[in-house]
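As a plain string of letters, each chain reads:
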Amino acid sequence: MKKREKPDISVFHALRVTLPLVWRIHPVLCLAHALMGIALACTIFFQTPLSKLLFDRITESASAGEKALGGLLAILAVYVTVQILDRIVNATINFFWGYAGGRINGRLQRLLNRKYGRLDARAFEDTKTLDDIQKASNGMYAASYLTLMVGNTVSFYGLYIVMMSWYLAALDPLLILAVLLLFVPVLISQLLRVKVQMRFEDETAPLRRQYAYYESFITDRVCYKETRLLGGYGFFADLYYDVLLALQKKERRLFYKNQGIALLSNLLKFSGFAGVLVLMLHAVLDGSITVGSVAAVYTAVQSLQGIMSELIEMHFSNAMQNLGKIGNFIRVLEYPERGGTVVKSGAPCEIELQNVSFSYPAAEGKPAADGEEAQSGPVWAVEDVSLKIH
């Protein structure tokens, strides 16, 4: 089995190119997206201390009666207001993600089109250049997603995790271990899943090519008539079914491995969550937190676990899978442009060419005709041409 080819671009190089580029073409959208991420992180975070305060006041109201009822209603009103703001900000940022992505993609597409116009015409003779140009649009979408994801990671996910870690440490320094107990299982399961998926892609890539090749011989209209007239349908059909069975066998093995990883991930998450409960019980017995704080901390830990899973399993995973597409986009932007200057002349002028020759870079060697030998060297499209244009 061939080794998997590593992407020819690193994560740091992709960030170094895409982040300043997107910020330069649309700074207002990037700033607004970051501010909304900060607002969302704050609204989610403040629910935890407010819920702690709410449970404590409920406990006090049970013993103090109507004396503490006024303070309880005020805290409840603030808590409900923060909940409503959380829903509004969350809906706004989800809508804004699509809007900002569309606007940024439009600016990036305009940038690509201008880049195509400044490329040297000889660059379009290179098949690798044509492949990069064809894939650059997909890389453009991946680049904008990467930029928005990084902004979201810093302004929302990172800020929320930092604030929650600080809050848990303020309640009890041991509770800071809850972040590690929740983060490590998610990271391990994601690394295992990515490794299994990469190995699956390596093993099935040749099978998928064979599958598409044999399928074209038995279903494509170009080959359909010939395979039946010449009696080749059965031969290609047998090869097609053999490859299909081999591909399904590997897909079945991937399904079992993914289920095993999911089971292991759930066990690790359960162990981490059980560890968090032990830390909470220790904090309650130690007197670091009140009984009313347990429900608030429990809710906060659940929210923290969900946010970490979303960050690693969805955003980071998608960004790493699209790294190769971003490489195509960046390569096109870094292609050398044609030289020269544009000069405007109002007076009549003429252009004179003397002994001009031109050959395409990819045209090397003249094919052999019947009874002749192949010739080496460039194949001239234009050779020793002299003319004058008035």
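Residues numbered from 1 in each chain as written. Predicted model: local features only at pLDDT ≥ 70, side-chain atom pairs only at ≥ 80, totals over all residues. Heavy atoms only, no water.

1. Some details on the overall build of the chain
- When its secondary structure is counted, the chain shows nine helices and two strands.
- The order of α-helices and β-strands along the chain, N terminus first, is α-α-α-α-α-α-α-α-α-β-β.
- Out of the 390 residues in the chain, the part that is buried amounts to 35%.
- Contacts in the chain between residues far apart in sequence, at least 24 positions, make up 81% of those at least 6 positions apart.
- Approximately 24,000 Å² of the chain is accessible, and the part contributed by carbon and sulfur atoms is 63%. (Helix = DSSP H or I, 4+ residues; strand = E, 2+ residues; numbered from the N terminus. Buried < 20%, exposed > 50% of the residue type's maximum accessible area, 1.4 Å probe, protein only. Contact = heavy atoms within 4.5 Å. Areas by Shrake-Rupley, 256 points an atom, 1.4 Å probe, with all protein chains shown as cover.)

2. Some points on the pattern of salt bridges
- With the rule as written, the count across this model stands at one salt bridge.
- A salt bridge links Asp 86 to Arg 87; its shortest N-O distance comes to 3.1 Å. (Salt bridge = Lys/Arg side-chain N within 4 Å of Asp/Glu carboxyl O.)

3. Let's talk about the packing of aromatic side chains
- Summed over the entire model, instances satisfying the criterion amount to eight aromatic pairs.
- Members of the aromatic cluster, connected to one another through ring pairs, are Phe 45, Phe 46 and Tyr 167. (Phe/Tyr/Trp six-rings, centres within 6.5 Å; stacked < 30°, edge-to-face > 60°.)

4. Focus on helix 9 (residues 323-333)
- Burial analysis of helix 9 places nine of its 11 residues in the buried class, the great majority of the element.
- Looking at helix 9, one finds that the buried residues are Leu 323, Ile 326, Gly 327, Asn 328, Phe 329, Ile 330, Arg 331, Val 332 and Leu 333.

5. Notes on the nonpolar core
- Formed by 65 residues in total, the largest nonpolar core has its most connected members in Leu 112, Tyr 160, Met 164, Leu 304 and Phe 329.
- If you list the elements that add at least two residues to this core, you get helix 1 (11-25), helix 2 (27-64), helix 3 (69-118), helix 4 (127-171), helix 5 (177-219), helix 7 (233-286), helix 8 (291-321) and helix 9.
- Considering each element in turn, this core owes the most residues, 19 residues, to helix 4.
- Beyond its immediate chain neighbours, meaning those up to four positions away, Leu 304 contacts Tyr 160, Ile 161, Met 164, Val 179 and Leu 182.
- Leu 207, Phe 217, Phe 236 and Leu 244 belong to the second largest nonpolar core, which has nine residues in total. (Core = buried A, V, L, I, M, F, W, Y, C linked by side-chain atoms within 4.5 Å.)

6. Section: the packing of helix 1 against helix 4
- Closest axis-to-axis distance for the helix 1/helix 4 pair is 9 Å, and the angle between their directions is 85°. What the angle tells us is that helix 1 and helix 4 run roughly perpendicular. Counted together, Ala 14, Leu 15, Thr 18, Leu 19 and Val 22 of helix 1 and Ala 143, Leu 146, Thr 147 and Val 150 of helix 4 form the full contact between these two elements.
- Taken together, the residues of the contact of helix 1 with helix 4 sort by class into seven nonpolar, two polar and no charged. (Axes fitted to C-alpha atoms, helices over the stretch in contact; angles between N-to-C directions. Parallel < 35°, antiparallel > 145°, perpendicular 65-115°, else oblique. Nonpolar A, V, L, I, M, F, W, Y, C, P; charged D, E, K, R; others polar.)

7. Remarks on the packing of helix 1 against helix 9
- Close contact between helix 1 and helix 9 brings their axes to 10 Å; oriented N to C, the two are set at 60°. Judged on the interaxial angle alone, helix 9 and helix 1 are oblique. Read as a crossing pair, helix 1 and helix 9 show a hand that is left-handed. Residues Val 11, His 13, Ala 14, Val 17, Thr 18 and Leu 21 of helix 1 pack against Leu 323, Ile 326, Phe 329, Ile 330 and Leu 333 of helix 9. (Left-handed = near helix turned anticlockwise from the far one by under 90°.)

8. What to know about helix 4
- The terminal C-alpha atoms of helix 4 lie 62 Å apart, and with 45 residues this matches the ideal 66 Å at 1.5 Å per residue to within 8%.
- Its maximal kink placed at Ala 136, helix 4 deviates by approximately 45°. (Expected span 1.5 Å × (residues − 1). Bend = angle between axes of the 7 residues up to and from the residue.)

9. So, a positive patch on the surface
- On the surface, Lys 195, Arg 199, Lys 249, Arg 252, Arg 253 and Lys 257 cluster together into a positively charged patch.
- At the level of secondary structure, the elements contributing two or more residues to the positive patch comprise helix 5 and helix 7.
- Within the fold, Arg 253 resides in helix 7. (Patch = residues over 30% accessible without salt bridge, like charges linked within 9 Å, V, L, I, M, F, W, Y side chains within 5 Å. Lys, Arg positive; Asp, Glu negative; His and termini not counted. Charge placed at Lys NZ, Arg CZ, Asp CG, Glu CD.)

10. Thoughts on a nonpolar patch on the surface
- Together, Leu 174, Ile 176, Leu 177, Leu 180, Leu 181, Phe 183, Val 184, Leu 187, Ile 188, Leu 191, Leu 192 and Leu 264 make up an exposed nonpolar region whose accessible area comes to about 910 Å².
- Examining the composition of the nonpolar patch, we find that nine residues originate from one element, helix 5, more than from any other.
- In this structure, Leu 264 sits in helix 7.
- For Leu 264, a relative accessible area of 37% translates into the label partly exposed.

11. Thoughts on the environment of Asp 86
- Mapped onto the secondary structure, Asp 86 falls in helix 3.
- Note: C-alpha distance between Asp 86 and Ala 39 (47 residues apart in sequence) is 8.6 Å.
- Apart from residues lying up to four places away in sequence, Asp 86 is in contact with Leu 40, Thr 43, Ile 44 and Gln 47.
- Polar side-chain contacts of Asp 86 include one of 3.1 Å to the side chain of Arg 87. (Polar contact = N/O pair within 3.5 Å; in protein donor to acceptor, adjacent residues only side chain to side chain.)

12. Notes on the side chain of Thr 43
- Inspection of the secondary structure assignment puts Thr 43 in helix 2.
- Residue classification places Thr 43 among the buried positions, given a relative accessible area of 12%.
- Side-chain polar atoms of Thr 43 contact the backbone oxygen of Leu 40, separated by 2.8 Å.
- Residues within four places of Thr 43 in sequence aside, it is in contact with Val 82, Leu 85 and Asp 86.

13. Quick word on the confidence of the model for the chain
- With 86% of its residues at a pLDDT of 70 or more, the chain shows a mean pLDDT of 78.
- Ranking the elements of the chain by mean pLDDT puts helix 6 (residues 221-229) last, at 70, and helix 3 first, at 86.
- Counting contacts from residues 1-7, a segment whose pLDDT is below 50, to residues more than four positions away or on other chains yields six contacts. (pLDDT = per-residue confidence, 0-100.)

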